[in-house]
Structures are given as structure tokens and as C-alpha cells.
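Here are the chains, one letter per residue:
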Protein chains: 2
Amino acid sequence: MNETPHRILVVDDEPSITEFVSYALKKEGFFSDVVDNGEDALALASKNSYDLFILDIMLPGMDGYELCRRLRSKTTVPVLFLSARDTELDKVVGLEIGGDDYLAKPFGVRELIARVRALLRRGSGGDFPGASHAITASNITLDEDAHTASGEHGEIELTPREFELLASLMKNAGKVVSREDLLRDAWGWEYLTETKTVDTHIKRLRDKIESAGYDPALVETVRGYGYRFKA
Amino acid sequence: MNETPHRILVVDDEPSITEFVSYALKKEGFFSDVVDNGEDALALASKNSYDLFILDIMLPGMDGYELCRRLRSKTTVPVLFLSARDTELDKVVGLEIGGDDYLAKPFGVRELIARVRALLRRGSGGDFPGASHAITASNITLDEDAHTASGEHGEIELTPREFELLASLMKNAGKVVSREDLLRDAWGWEYLTETKTVDTHIKRLRDKIESAGYDPALVETVRGYGYRFKA
DNA sequence: ATAAATCGTACGTAATTCGCAAAACGTGCT
DNA sequence: AGCACGTTTTGCGAATTACGTACGATTTAT
């Protein structure tokens, strides 16, 4: 489907975040290295060549801004900042320094991937216009650009959570997705929500699928493991 | 779609600006090289041939004026100056020296592109007659040259901001555009304004669409993600 | 100087999310 | 077959969040 996979360097000291990010990146076919401090980041950056840097603003020792400044003195590779929420001021500072985009925690996989794609696109080539990001399975098409899910009977009206949930299931159509994975995909990391809550949303999702004229059994439950979208 | 893409050389030392400019240019189908100082600019300019120069006035070492003078001694290629806001005086100086146009920060994508097009048109043949820059969707046509939006019930009177907003939405008709993207497209600078402000302008836009006899629901809101122009 | 346009804040309303608790279901065992 | 146990479904109300709208302050254009 693609050419050479993009290489991404992730710099963050919180393991829960790096795990989440690198997991998401890998799943989308990106290559990523992870380090937890600025010094190692600089060392790696000069050894290997990356297509994108993802930096947390808060880092032990050299902070994200400083790191960005140093990276920028050598290269023109795009930078995506991560930061704790509600730090409005940081936005301006980060972008002035040369960060290309900014993502406030908590963020979800889809949002992260979208930004990463956008930044990589900016750098080189870009994907073709009309390369719509859509998934189709069992006569349902989920269009990520338009944020719609539809089939022969028309559109299925979904709330954000339901949409993310369906997206995660359909991306893995035919495979079981655990409640934990669903939480990760549709909610984002560090969301201390009960895995039980997934069940509730699955119900609402099935309800809407049914009332839109489709088969609610498209979302199969795999007892003891999770859910699966019928392939 | 087009013949040979125009080549543009961007000279600015602020990465956030060069990113923004080259991104905007690429999106419109132009080719751009970026350098952050006058010396490199001269070197590149004598090696390659460009159709337009975009110069920041404030540059480390040789400033934009000086650079313009030197470029002008060799070629007749048009020059577009960029400068920090509120530097009214620069305008005169820049244009006297041989700059062909002038753009004060902060500027928006569309404004930038408009000037670039105008300058390129001046220089060579101009873009083909009839290559009108118009977008049509759902029976509304937005003419970027004339700066008008109209349909079967006549014209929709819009303020500049509303026009940019509608343009951004219509360019992505059928796709959701986030408030952040709208800010970037219609305002030009990311993060300098509140995303909530977008809502206000959307309302005003819908009001005008409605009072002009069209359906305000053409601008759909996609809860949790942004807005979408009905395809 | 006057009018137009822009921007942000405040607040009401409606949509969405969440998790408990009870009911329904599936499974294995006797 | 019937029972017991764990799992999933479902209903429902409370808390949260997003959106629309109004309004006033500020900036910009004429």
C-alpha cells in the first residue's frame, strides 16, 4: 500500500504515554523510536534520520522547547508537541519556536494519527487528493473524512464515541478486539473508565445500527474476549 | 491539471512562517524551496530559475532589502515582501527598492495565494483565461476571484472572514473541517484566536446564508469534530 | 468620525457520556 | 433437564460537555 515507512522519534518520560503513542503509530504502519529525555533524543536524531519528532513539552532536564530549538538548528523535520491540558500559553510559544503542531492531552489515537499524517504530508509528497480514508466491511462504509457511516439504507447517525468505537471495530473487521483495546482506540490512553462502559456503548451502537436499517449482529460479541465486526 | 508548476523561493528565518508558507504553496500546486538567509538565497537563485521570490524583510545577516537589490541586479523575477506587522514605513521602502508587492503579518493563506497568483500572472503569460478559481457545491458557487458567493437566489453578501470561512468549508465539501483547521485556513495563523470564536462566525455565516434565501443547514455541525459543508 | 467587522465571554439548552444495578443469557456440571 | 456461576445486555438517571446565541468590547475600514 505504501512506500518506505516513515520514521518517527517519540520523546516523553511518561511510559504510559510513550507506550500508547508507539502502539498507535505501529498500528498505522509507522516506525518509531522512543526515548525519555532530550539528550538521548539529540543523540539519536543525529545518528538516524527521522521524518517527524513527537515531543512532550515537560521533560526531565532539557525541556521540549529547548529540544525543539536544538533540533531545529540542524534540521527542518516537523515537530509535534504534546502537553498537559489547559496550557493555552504553551501553544503560542511552541509554535513560535518552530513546532508545527500541537496536541493537548488527553488525545485519542485517531486524532494523533491525523496530525501525524498531516505533518508528514506537509513535509513531502502528500497523499493524493481523493485518497479518502474510508473503511468498508459487510456493506457498511465508514468515511473518516466525512465522519459518516453509511450503507445501502443510508447513513447511520452516530455520536463521537460510537463513531470511534465502530471505527476501531471495522479497522479490525473479522478480528476480536478486547475491551481494553477498544478503550485505548476510542477513548485514548489514561482513561480510567471501566471496561464495563464499553458494553454500554456497544449497545447504543447496535441500537443505532439497527434503527438505521442494518443488522445489529454485525457487531458480534465474543464471550470472554471482546467484540468483533463481522467481516 | 496544470503545465509546469511555478517555482518559488521562500526566504525567511522563522521556521513557523516558512512551514506555513511552503505548506500553503504546495497545497495550491506550487513548487517551493526554502532558505533562511540571504547568502543561500543568492546561491540558489543563480543555480535554479524561479518564478517568484518571497522575502522576509528581517533576516539575519543580509536583510530583505539588500537581498532584493542584489536579486534585482540579475533578474526581473517578481518579489513579494513579508514583514512584521505595524511596520508601515517598510512598505514604501520595499516597493521603492523593487519589491512588487507587500504582505504584512499576520496574513492568511488565501491572501498569500492571491498575491502570489497576481504576481505570477504579471510576470509571465498569466494563468489561462477561464481557469477560474471557483468552487461549487450544493448549488452554491463561490468565486475566489470575484470574491462572491452566489446561487439561484442571487448573491450572498459576506464579510471577508465569512467568505474565507465558507471557502475553507466548500473546498472540503463533504468532509469535516475542525475548528483548528478553519482557523488555519481562514485566519491564517494557528492558535492566535480562540477556537470558540469560529462558532460565532459560523452563526453569522449561517444567518447570511439563510437571509439570502438558501439553507443554513448547508453548513452542518459535526458534534465533537467541527463543521462540514453539505456535499 | 462613523460604521462595519471582528473577537471573546457568558449563559441557556440539548446532546452525550458514564456507570450502576437489575435482568437476561450462555456455559458447564451434576 | 435443571441449577449455579460468570458474563453480557439493557434501562435509567446523573454529571459532563459541546453547541448555539446574545451581547458588549475592541479593532479595522471608510
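Residues numbered from 1 in each chain as written. Chains lettered and ligands numbered in written order. Predicted model: local features only at pLDDT ≥ 70, side-chain atom pairs only at ≥ 80, totals over all residues. Heavy atoms only, no water.

## What to know about the overall build of chain A
Broken down by element type, chain A carries 8 helices and 12 strands. Split into buried and exposed, the 231 residues of chain A put 48% on the buried side. Of the accessible surface of chain A, which amounts to about 11300 Å², a share of 50% is contributed by carbon and sulfur atoms. (Helix = DSSP H or I, 4+ residues; strand = E, 2+ residues; numbered from the N terminus. Buried < 20%, exposed > 50% of the residue type's maximum accessible area, 1.4 Å probe, protein only. Areas by Shrake-Rupley, 256 points an atom, 1.4 Å probe, with all protein chains shown as cover.)

## Some details on the packing of helix α6 (residues 160–171) of chain A against helix α7 (residues 179–187) of chain A
Geometry of a packed helix pair, given as the angle between the helix axes and the separation of the axes. Residue and element names in this part refer to chain A. At a closest axis distance of 9 Å, the pairing of α6 and α7 adopts a crossing angle of 125°. The angle between α6 and α7 falls in the class oblique. As for how α6 packs across α7, the hand of that crossing is right-handed. Seen from α6, the contacting residues are Arg 161, Glu 164, Leu 165, Ser 168 and Leu 169; seen from α7, they are Leu 182, Asp 185, Ala 186 and Trp 187. (Axes fitted to C-alpha atoms, helices over the stretch in contact; angles between N-to-C directions. Parallel < 35°, antiparallel > 145°, perpendicular 65-115°, else oblique. Left-handed = near helix turned anticlockwise from the far one by under 90°. Contact = heavy atoms within 4.5 Å.)

## Structural notes on the protein's contact with DNA strand C
DNA strand C sits among 24 residues. The nearest are A:Thr159, A:Thr193, A:Thr197, A:Arg204 and B:Thr159. Within 4 Å of the protein, the contacting atoms of DNA strand C are drawn from sugar and phosphate to the extent of 79%. Backbone polar atom of A:Arg161 to a phosphate oxygen of DNA strand C: 2.8 Å apart, as the coordinates give it. The side chain of B:Trp187 places a nitrogen or oxygen atom 2.8 Å from a phosphate oxygen of DNA strand C. Contributing elements (two or more residues each) for the surface near DNA strand C: α6 and α8 (195–211) of chain A together with α6 (160–171) and α8 (195–211) of chain B. (Near = heavy atom within 4 Å. Polar contact = N/O pair within 3.5 Å; in protein donor to acceptor, adjacent residues only side chain to side chain.)

## Considering the pairing of strand β3 (residues 52–56) of chain B
Residue and element names in this part refer to chain B. Among the 5 residues in β3, 5 count as buried, and that is most of the element. Residues of β3 alternate between two faces, with Leu 52, Ile 54 and Asp 56 on one and Phe 53 and Leu 55 on the opposite face, all of them buried. Judged from the 4 bridges that link them, strand β1 (residues 7–11) and β3 form a sheet pairing that is parallel. Within β3, the residue paired with Val 10 across the bridge is Ile 54. (Pairing = 2+ DSSP bridges.)

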